[in-house]
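Chain and residue survey
The chain contents come next:
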Amino acid sequence: MTDFTYPEPKLFIGGVWKGAEGRETIPVLNPATDAVIAQLPVATRADLDEALDAANRTFPAWRAMSAFDRAAILHRAGALLRERARYVGRVSTVEQGKVLAESSAEAAASADIFDWFAEEARRAYGRIVPSKFPGVRQNVLKEPVGPIAAFTPWNFPTTIPARKLGAALAAGCTVIIKPAEETPGSCLELARALDDAGLPKGVLNVVFGVPAQISEYLIASPVIKKISFTGSTAVGKHLSKLAAEGMKKTTMELGGHAPVLVFEDADIDKAAAMMARSKFRNAGQICIAPTRFYLHDRIHDRFIAAFERIVSGLKVGDGLDPASTMGPLANDRRLDAMGALISDAVAKGAGLHAGGARIGNAGNFWQPTILTDVPNSATVMNTEPFGPVAVTQRFTDLDAVIAEANRLPYGLSAYAFTANAALSNTLADRIEAGMIGINHGVLTGPETPFGGIKESGHGSEGGIEGLDGFLITKYVAQG
Ligand code: NAD
């Protein structure tokens, strides 16, 4: 694809694509080269009002459309995305940095998400509850919650918006989405596929600007009935407070700090291979990335050696280069964060086993990093690193390691490796996380619930739970 040009990002409001045309703009950068690849138009107050009006105006007809017809549009958009996966992947790689194989797979996964929710649309079942009053029918109905506002981050610029759009549109909700300003093109490709698939104009609106200003304005609007956010816990708490003013329903997919427990009876090579893949995919910028590695004392050195062998084989480079297996960090804020976390850990006594530094001085490339015997006083043991950094500690005692795994306010994902089935059940019961992988590293799929507990948020974005997040329950007693 040598003739590739990054598409000009636009606002999509009321079914109309709107370019800069006198609006302020924000530069979009390629994180592999630091080059400015586009100017992103910022939505004015009038644009936001127009988006609110469109979402409000189109809601009655969209909710009234049969679930079969809504499903057909989502299926068509999914098919278009699948056809365009390589192109959409390229858009994502150029704006976000991840390697092309990952970004193309992400576009194809977004098609799968649209297909899943298309099918779920037809299963928004209510129920009839037997009544103690003769002749009375007690109906439980499921209805779309209404126009929703969605805010998505830059780390999975296609699948995270796809989860929100797929579920909301399937449920019969209209949407205003504000994707991350760093990665506008990927979500705009979702919008283009939906537009091309025949989504009625105005049902989906895409805006950009200063995140805090847009979220404050949209969440305060009486038009918006639900907020769905993916991002950091700090921002999630702020948006939850704004939503509480209007008693609005929320889904919050927030940060994580996943523990990995490797027991002495585990298949060490398999565990190391799975966890290295999960850790360094997307340069570690994944909310469910394995981070705190608790290694049983007897296998500690063996695990580190196996893990390091894989890490030393990673080829860090521009995601467009087919030889690269890890791209740059998505923005230069992550470079500063990596530097600060690593120097703090080393100053507090951690061993720097591999990596630890920036690569070159153009693009946001960072060495895959392993820090060993990291004390709990180090910031990286408490704050989500969101980058290619694995930290390890040793353990010998089961209760103590479970307490460590549960020590943080996060509760998104966790991983454990053991050959002992009874221990697997104990870990599944006692580890506080919304998602747990036992002898397995993949936790995402359209058909399975995705979400956290504790300060990692609430609500679930996949599985049958995903649709439910955009429905309300209405009880109708009929005599
Ligand atoms: P950030 O917390 O400022 O932003 C995270 C996301 O939230 C961005 O997409 C941003 O556009 C959006 N955002 C920020 N303030 C907002 C507001 N007031 N209203 C609406 N949206 C808002 O910081 P960042 O530097 O982009 O990322 C830093 C941290 O965020 C990471 O270290 C990681 O912990 C977390 N993060 C989590 C996820 C996730 O998938 N859960 C994704 C991206 C970032």
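Calculation rules
Position numbers for residues count from 1 along each chain, tracking the sequence in the order it is written. Per-residue local features of the predicted model are confined to residues with pLDDT of at least 70, and side-chain atom pairs are confined, for both listing and counting, to 80 or more; whole-chain, interface and lining totals are unaffected and use all residues. Note that the side-chain values use all heavy atoms of the structure and ignore hydrogens as well as water. The rule for a residue being near a molecule or strand is that one of its heavy atoms must lie within 4 Å of it. Under this definition, polar contacts are N or O atom pairs within 3.5 Å; protein pairs additionally need one hydrogen-donor-capable and one acceptor-capable atom, and for neighbouring residues in sequence, both atoms have to be side-chain atoms. Per-residue accessibility takes into account occlusion by the displayed protein chains alone, with areas from the Shrake-Rupley method and a 1.4 Å probe. What counts as a helix is a DSSP run of H or I of at least four residues, what counts as a strand is a run of E of at least two, and both are numbered from the N terminus. Under the convention adopted here, Pro, Cys and the residues Ala, Val, Leu, Ile, Met, Phe, Trp and Tyr are nonpolar, Asp, Glu, Lys and Arg are charged, and Gly plus all remaining residues are polar. Only protein chains enter the accessibility calculation, which uses a 1.4 Å probe. A residue is then buried if its area is under 20% of the maximum for its type, exposed if over 50%, and partly exposed in between. An automatic or database domain assignment provides the domain bounds reported here. Contacts: residue pairs with any heavy atoms within 4.5 Å of one another. Buried area is calculated as the accessible area (1.4 Å probe) missing from two parts once they are joined, with the contributions of both summed. Salt bridges are defined by distance alone: a side-chain nitrogen of Lys or Arg within 4 Å of a carboxyl oxygen of Asp or Glu. Paired strands, in this sense, are two strands between which DSSP finds at least two bridges. Every axis in this analysis is a line fitted to C-alpha atoms, fitted for helices over the stretch in contact. Angles between the N-to-C directions lie between 0 and 180 degrees. With its strands directed away from the observer, a crossover is right-handed exactly when the path from the first strand over the helix to the second travels clockwise.

A look at the site of the ligand
Trp154, Ser215, Ser232, Arg333 and Glu384 are the nearest of the 23 residues found near the ligand. The side chain of Asn155 places a nitrogen or oxygen atom 3.3 Å from an oxygen atom of the ligand. Between a nitrogen atom of the ligand and a main-chain N or O atom of Gly231, the distance comes to 3.3 Å. About the coverage of the ligand: the protein hides 85% of its 790 Å² of free accessible area. For the shell around the ligand, the secondary structure elements donating two or more residues are α7 (211–220), β10 (226–230), α8 (233–245) and α11 (332–347). Element by element, the count of residues in the shell around the ligand is highest for α7, at three residues. A class-by-class count of the residues in the shell around the ligand yields twelve nonpolar, six polar and five charged.

Comments concerning the side chain of Gln285
Counting through the fold element by element, Gln285 comes out in the loop between α9 (268–280) and β13 (290–296). With relative accessibility at 0%, the residue Gln285 sits in the buried group.

Some thoughts on the domain arrangement of the protein chain
The assigned domain composition of the protein chain is domain 1 (11–254 + 456–478) and domain 2 (258–445). Averaged C-alpha coordinates put domain 1 and domain 2 at centres separated by 31 Å. Each partner contributes residues to the interface: domain 1 has 21 residues there, and domain 2 has 30 residues. For the pair domain 1 and domain 2, the summed buried area comes to about 2,000 Å², and 54% of that belongs to carbon and sulfur atoms. On the surface where domain 1 and domain 2 come into contact, there are one salt bridge. For Glu182, the salt bridge goes to Arg333, with nearest N and O atoms at 2.6 Å.

Thoughts on the sheet that holds strand β19 (residues 435–438)
Strand order across the open sheet formed by seven strands is β14-β15-β16-β13-β12-β18-β19, with mixed pairing between neighbours. At either margin of the open sheet sits one strand with a lone partner, and together these are β14 (351–354) and β19. Averaged over all adjacent pairs, the angle separating strand axes in this sheet is 20 degrees, with direction ignored. With three bridges connecting them, strand β15 (residues 369–372) and strand β16 (residues 389–395) associate as parallel partners. Along β16, the bridge assignment pairs Thr369 with Val389. Sheet strands in contact with helix α12 (residues 398–405) are β12 (258–262), β13 and β16, and its direction is about 170 degrees off that of β13.

Digging into the pairing of β19
Of the two faces of β19, only the one carrying Met435 and Gly437 is buried; Ile436 and Ile438 on the other face are not. Where strand β18 (residues 413–417) lies against β19, four bridges are found, and the strand directions are parallel. From the neighbouring strand, Ala416 faces β19, where its bridge partner is Ile438. Between β18 and its parallel partner β19, the chain crosses via helix α13 (residues 421–430), and the hand of that crossover is right-handed.

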